[in-house]
Amino acid sequence: MPRRSRGRLALVGAALAAVTAGLLPGAAAAGPDGRDREHRPSDRGLSAVIRYTEYGVPHILAGSYADLGFGTGWAQAADQVCVLADGFVTVNGERSRHFGASGAPDGSLSSATTNLASDLYFRGVEEAGTVEALLRTPAPAGPSRDLKELMRGWAAGYNAWLRKNRVTDPACAGAGWVRPVTALDVARRGFAVSVLGGQGRAVDGITAARPPAPATATSRTREQDVDPGAAAEAARALFAAENATMGSNAVAFSGATTANGRGLLLGNPHYPWQGGRRFWQSQQTIPGELNVSGASLLGTTVVNIGFNDKVAWSHTVATGVPMNLHQLTLVPGDPTAYLVDGKPERMTAREVTVADRDGAPVPRTQWWTRYGPVTSGLGASLPLPWTSTTAYALNDPNAANLRGSDTALGFARARSTRDVAEALRRTQGLPWVNTVAADSAGHSFFSQAQVLPRITDELAERCSTPLGRVVYPASGVAVLDGSRTACALGSDPDAVQPGVFGPSRMPVLRDAPYAVNSNDSAWLTNAERPLTGYERVFGTLATPRSLRTRGGIEDVAGMAARGRLTVADLQRQQFANRVPAAGLAAADVAAACPAVLPADPEACRVLAAWDRTMDSDSRGALLFDRFWRRFTGSVPVAQQWKVPFSAADPVRTPRGLDTGTAGFAKALADAATELRTAGIALDAPLRDHQFVVRGGERIPVSGGTESLGVWNKTEAVWNAAGGGYVEVAHGTSHVQAVGWDGGRCPVARTLLTYSQSSNPASAHFADQTRLYAGERWVTSRFCEGDILRSPALKVVRVGER
């Protein structure tokens, strides 16, 4: 046995001996009858020990990566079996069979609007052997052996939980589609996450693309051209942060700003509150090899956002566009062949068949080219018609990327932000996020290290089609001439796969007093040290920032300037609930109100008295929110402000609300009328009308929308008849505030806003949601002694047999 493996086993043995040597209450490891039959460690096969602490957070202890995967798969199934099973139905292309072809997926694994489109896409991936080929690719271009072992173990752990437990979640109890999975299924789920920003955005278009019917002597095919202006706006909106269902804030502070010279990190990802893109908390430990705590996207085997004893990191959804289009010039008379350097090249027809609920086969043909699949559009708002002369193929470099979890493993093992940068350089696995990190030595770090198509501005200038010349500057979506090999993407020498940017081309900021990102481009990661020199496909330069970005920069720059920062300062920032839109406009609104609403002095009084926060106890917040939604939704940006944007003053401009613009008075009056009609008092506290319901209990939720610019983002579902905002669609999800004090253990506070389990019968269905309502945190138990001292400690030993 290798020395490292013997050492690991010895450390695991020591840890287990401590667990079983009377450190725990006797009942902690026993079943209802006092005997630990179901959870006894197996003599053979994979096994792990799971120590649960407060709020159902599992601390998974294992002797190998396969065993760690086993414990992780088991524990995820215990909390989220129905959501996980639904996702595996998706990646296996079986939604139509179980839920009907016309039904809709939850959107967590692709943009497909129907189960049929989803099935056709994922069954096509399966039949093409795409994921199998990636698994055979040697590292670093392909996944590492450790990652493969994690996936193997995860599948075994999930399956073992299914064998040994009864599903109680009503969402899938007794359902035939809850079935065992394979390591390949786990990898396919990882592939789906990787291509979310590329092929995943175009599933309807890929599965619906059809060559035009041939013209006859008595009929003429009507050619539909793409309107460049409309396409540019549609593409911009498609990739815009204000329209996204995922976003984030993250800030790292260097030791120059902190009380003890060590780094600090606040991570605040904004993700869906329901479905398969939820986070799930855990600690993963292989003694002597790996020890990391944080959050994983459901179905993944690693900690995606987290910390260890030396480093903490978070991610924000990046502005880099991880796909591009190639406009094909078709062979006259043959719409399934295209010209490259004047020579015809045939498309590849992939015949895909899925079964409907009644078992009837539904066949479709997908068309593939050297660049990728032909697509008839990127969503309903951006059609790309396939005519007798033109078709569009989608290039997604992340369709060759199964390395994202290896990047996370590199972070988990890191001892410094330098190691974080090295993991990014070595694995190059992140498809659609930035990385923000801090370490115990006082370093801060930002990198937009994405897997992006190698679209240089020079290439876009030389090879864009007329459509691309309008779409690319507006959106970052390149439309290149597919008829010339001179327009191929090329490769960087430091890239692990062809056709993508290498690490040396990525925007990076090291050791700034603060590094912050709120889903705008890398330009103002630090307002005093702007990042420049990157290609348009990464994002824009010297353009207006969102109110969330502007407010975030104001907040964290002020914190850095004050200095002496601690983890408590990060916690206060998370729940400040300051409304940047109000800082710019509330005084103007209150001043103009008596003139534009002379018959409604109550509305004017409420707006003038509002504290300009979205705290649950804030009165007037709801009125301003409903007004602001109407105003910004009906008045063009250029007409909203008196002082326009200036690249020389990007945080403070635009400003000066134009209360005389058309639409201002109407938006204000309509907001007041809307609330009164719904029976909502204009000065009602936000808590009464922004809440979620869990088990019949109303739990108030603070925070505000993207348009308001609130750091603690809450995109809620409005139902006036139901009492206001009655559910959260997406927003603040897994929050971590992390620092170090010179001891062996990180100082970490966490919060999973929607709680650990989606099962209403679980004790951890809404417990952290109540914490979120009270703006309270979980003190993370990272070190072994802290875990064993937990008053909620429960030890579960799990094995294959």
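Small disclaimer: the values here were computed from a predicted structure and weren't measured.

**Re the overall build of the chain**
1) Next: When helices and strands are tallied, the chain shows 21 helices and 30 strands.
2) Next: Relative to the 2.2 N^0.38 estimate, which gives 28 Å for 801 residues, the radius of gyration of the chain is 27 Å and therefore close to what a compact globule would have.
3) Next: Each of the three principal axes of the chain carries a C-alpha extent, and together these read 85 × 70 × 55 Å.
4) Next: Evaluated residue by residue, the chain yields a buried proportion of 61% over its 801 residues.
5) Next: Of the contacts formed within the chain by residues at least 6 apart in sequence, a portion of 69% connects residues at least 24 apart.
6) Next: Approximately 29400 Å² of the chain is accessible, and the part contributed by carbon and sulfur atoms is 53%.

**Considering the confidence of the model for the chain**
1) Next: Scored by pLDDT, the chain has a mean of 93; 93% of the residues are at 70 or more.
2) Next: Overall, residues 18–43 carries pLDDT values under 50, and its contacts beyond four positions in sequence, including any with other chains, amount to 33 contacts.
3) Next: Predicted confidence is poor over residues 216–221, with pLDDT under 50, and the contacts of this stretch with residues over four places away or in other chains come to three contacts.

**Considering the packing of aromatic side chains**
1) Next: In the structure shown here, the tally under the stated rule is 26 aromatic pairs.
2) Next: Taking 5.0 Å as the distance between ring centres and 75° as the angle between the ring planes, the aromatic pair formed by tyrosine 121 and phenylalanine 122 counts as edge-to-face.
3) Next: Exposure remark for tyrosine 121: the relative accessible area of 2% places this residue in the buried category.
4) Next: In this structure phenylalanine 122 comes out as buried when scored by relative accessible area, which is 2%.
5) Next: Linked through ring pairs, Trp610, Phe624, Phe627, Trp628, Phe631, Trp641 and Phe664 together constitute an aromatic cluster.
6) Next: Over the face of the ring belonging to phenylalanine 88 we find arginine 189, whose NZ or CZ atom lies 5.1 Å from the ring centre.
7) Next: Here the guanidinium or amino end of arginine 350 rests over the ring plane of tryptophan 368, the centre of that ring lying 3.7 Å away.

**Brief notes about the environment of aspartate 86**
1) Next: Along the chain, aspartate 86 falls in helix α2 (residues 65–91).
2) Next: On a C-alpha basis, the gap between aspartate 86 and phenylalanine 782 in space is 32 Å, while along the polypeptide they are 696 residues apart.
3) Next: For aspartate 86, the contacting residues outside a window of four places in its chain are Arg95, Phe99 and Trp177.
4) Next: Side chain to side chain, aspartate 86 and arginine 95 meet in a polar contact 3.1 Å long.

**Structural notes on the side chain of threonine 301**
1) Next: When you line up the elements, threonine 301 lands in the loop between β6 (290–297) and β7 (305–307).
2) Next: Leaving out residues up to four positions away in the same chain, threonine 301 has contacts with Thr72, Leu147, Leu150, Met151, Trp154, Val186 and Gln284.

**Comments concerning the sheet that holds strand β2 (residues 57–61)**
1) Next: The strand order β19-β17-β16-β8-β7-β6-β5-β2-β1-β30 describes an open sheet built from ten strands, whose pairing is mixed. Of all the strands in the sheet, just β19 (508–510) and β30 (794–799) have a single pairing partner and so form its edges. Mean inter-strand twist for the sheet, computed between neighbouring axes without regard to direction, equals 20°.
2) Next: Inspection of the sheet shows strand β1 (residues 47–53) paired to β30 by six bridges, in the antiparallel sense. Across the sheet, tyrosine 52 pairs through a bridge with lysine 794, a residue of β30.

**Quick look at the state of the cysteines**
1) Next: Per the stated rule, a full pass over the model turns up four disulfides.
2) Next: Note that cysteine 463 is cross-linked by a disulfide to cysteine 487, the S-S spacing being 2.1 Å. Because the torsion about its S-S bond is -85°, the bridge between cysteine 463 and cysteine 487 counts as left-handed. Here cysteine 463 is found in helix α12 (residues 457–463), whereas its partner cysteine 487 is found in the loop between β18 (479–481) and β19, with 24 residues between them in sequence. In this structure, cysteine 463 and cysteine 487 share a single accessibility class: buried.

**Focus: the pairing of strand β12 (residues 348–355)**
1) Next: Relative to strand β13 (residues 361–369), β12 is paired through eight bridges, and the arrangement is antiparallel. What sits directly across from threonine 348, in β13, is tryptophan 368.
2) Next: The hairpin formed by β12 and β13 contains five residues between the paired strands, and glycine 359 there has a positive phi angle of roughly 90°.

**Considerations on the side chain of arginine 277**
1) Next: Inspection of the secondary structure puts arginine 277 in the loop between β4 (264–272) and β5 (279–286).
2) Next: Of the side chains with opposite charge, aspartate 106 comes closest to the buried, unpaired arginine 277, at an N-O distance of 6.9 Å.
3) Next: A distance of 2.6 Å separates a polar side-chain atom of arginine 277 from the backbone oxygen of glycine 107.
4) Next: Those residues in contact with arginine 277 that lie beyond four places of it in its chain are Gly107, Ser108, Leu196, Thr245, Met246, Tyr271, Pro272 and Leu297.

**Brief notes about the sheet that holds β13**
1) Next: Within the open sheet, the three strands sit side by side as β12-β13-β14. Their pairing is antiparallel. Either end of the sheet is taken by a strand with one partner, and the two such strands are β12 and β14 (372–373).
2) Next: Pairing of β13 with β14, which is carried by two bridges, proceeds in the antiparallel orientation. Residue tryptophan 368 lies in a different strand from β14, and its bridge partner there is proline 373.

**Some points on the packing of α2 against helix α7 (residues 183–194)**
How two helices sit against one another is set out by the angle between their axes and by the gap between those axes.
1) Next: One can describe the packing of α2 onto α7 by two numbers: an axis separation of 10 Å at closest approach and a directional angle of 80°. With respect to α7, the axis of α2 lies roughly perpendicular. Contacts from Val83, Leu84, Gly87, Phe88 and Val91 of α2 reach α7 at Asp185, Val186, Arg188, Arg189 and Ala192.
2) Next: For the contact of α2 with α7, the residue count by class is six nonpolar, one polar and three charged.

Cut-offs applied
- Residues numbered from 1 in each chain as written.
- Predicted model: local features only at pLDDT ≥ 70, side-chain atom pairs only at ≥ 80, totals over all residues.
- Heavy atoms only, no water.
- Helix = DSSP H or I, 4+ residues; strand = E, 2+ residues; numbered from the N terminus.
- Rg over C-alpha atoms; globule rule 2.2 N^0.38 Å.
- Buried < 20%, exposed > 50% of the residue type's maximum accessible area, 1.4 Å probe, protein only.
- Contact = heavy atoms within 4.5 Å.
- Areas by Shrake-Rupley, 256 points an atom, 1.4 Å probe, with all protein chains shown as cover.
- pLDDT = per-residue confidence, 0-100.
- Phe/Tyr/Trp six-rings, centres within 6.5 Å; stacked < 30°, edge-to-face > 60°.
- Lys NZ or Arg CZ within 6 Å of the ring centre and 35° of its normal.
- Polar contact = N/O pair within 3.5 Å; in protein donor to acceptor, adjacent residues only side chain to side chain.
- Pairing = 2+ DSSP bridges.
- Axes fitted to C-alpha atoms, helices over the stretch in contact; angles between N-to-C directions.
- Disulfide = S-S within 2.5 Å.
- Lys, Arg positive; Asp, Glu negative; His and termini not counted.
- Salt bridge = Lys/Arg side-chain N within 4 Å of Asp/Glu carboxyl O.
- Parallel < 35°, antiparallel > 145°, perpendicular 65-115°, else oblique.
- Nonpolar A, V, L, I, M, F, W, Y, C, P; charged D, E, K, R; others polar.

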